[in-house]
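Take a look at the letters that make up each chain.
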Amino acid sequence: MYILNTTFVVAEPRLEEFLKWAREVYVQSMEKAGIFSGITMARVMTQIEPGTISVALQARAAKLDEAQRWHDDVAALLRDDLSARFSGQVLFFTTYMEVIL
């Protein structure tokens, strides 16, 4: 089992708008893909930059290559939309993790 984790660093004034976008666009796309389970969105308690809030979005996938393909194809378009919509006020990075316990 693998975890696809994308962490978003959001300017505080845009947080509610970002959360709405994440729920209605990003998470729904993950659900429609049919390859993810256990989708979780959580606030990261460590502040990276003053005036920002970090949000981690995690989902489990049985096959790493399917998660990578979704991330590189579908999610790339979603992140382009995010960048255009939020004009640099939301940054993100993705990590893949293998579940070992």
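Here the structure is shown first, and the text comes after it.
Report on the accompanying structure. (Residues numbered from 1 in each chain as written. Predicted model: local features only at pLDDT ≥ 70, side-chain atom pairs only at ≥ 80, totals over all residues. Heavy atoms only, no water.)

Phe-8, Phe-18, Trp-21, Tyr-26, Met-30, Phe-36 and Trp-70 are the most contacted members of the largest nonpolar core, which has 24 residues in total. Counting only elements with at least two residues in this core, the list comes to strand E1 (2-11), helix H1 (15-33), strand E3 (52-61), helix H2 (64-72) and helix H3 (74-86). The element that contributes the greatest number of residues to this core is H1, accounting for eight residues. Not counting residues within four places of it along the chain, the set of residues in contact with Phe-18 comprises Phe-8, Val-10, Val-55, Leu-82, Phe-86 and Val-90. (Core = buried A, V, L, I, M, F, W, Y, C linked by side-chain atoms within 4.5 Å. Buried < 20%, exposed > 50% of the residue type's maximum accessible area, 1.4 Å probe, protein only. Helix = DSSP H or I, 4+ residues; strand = E, 2+ residues; numbered from the N terminus. Contact = heavy atoms within 4.5 Å.)

This brings us to the packing of aromatic side chains. Under the counting rule described, the total for this entry stands at eight aromatic pairs. When the centroid spacing of 5.8 Å and the interplanar angle of 40° are considered together, the rings of Trp-21 and Tyr-26 count as tilted. Owing to a relative accessible area of 4%, Trp-21 belongs among the buried residues under this scheme. Members of the aromatic cluster, each reached through a chain of ring pairs, are Phe-8, Phe-18, Trp-21, Tyr-26, Phe-36, Trp-70, Phe-86 and Phe-92. (Phe/Tyr/Trp six-rings, centres within 6.5 Å; stacked < 30°, edge-to-face > 60°.)

So, on to the sheet that holds strand E4 (residues 90-98). If you trace the four strands from one edge of the open sheet to the other, you get E2-E3-E1-E4, paired in antiparallel fashion. The sheet is open, and its two edges are formed by strand E2 (36-44) and E4, each paired on a single side. Taking each pair of neighbouring strands and ignoring which way they run, the sheet shows an average axis angle of 15°. Looking at chain direction, E2 and E3 are connected through seven bridges and run antiparallel. Considered in E3, the bridge of Thr-40 is made with Gln-58. Along the sheet face, H2 touches E1, E2, E3 and E4 and points at about 170° away from the line of E4. The sheet contacts of H3 involve E1 and E4, and relative to E4 the element is tilted by about 155°. (Pairing = 2+ DSSP bridges. Axes fitted to C-alpha atoms, helices over the stretch in contact; angles between N-to-C directions.)

Function cannot be inferred from these measures alone, as they are strictly geometric.
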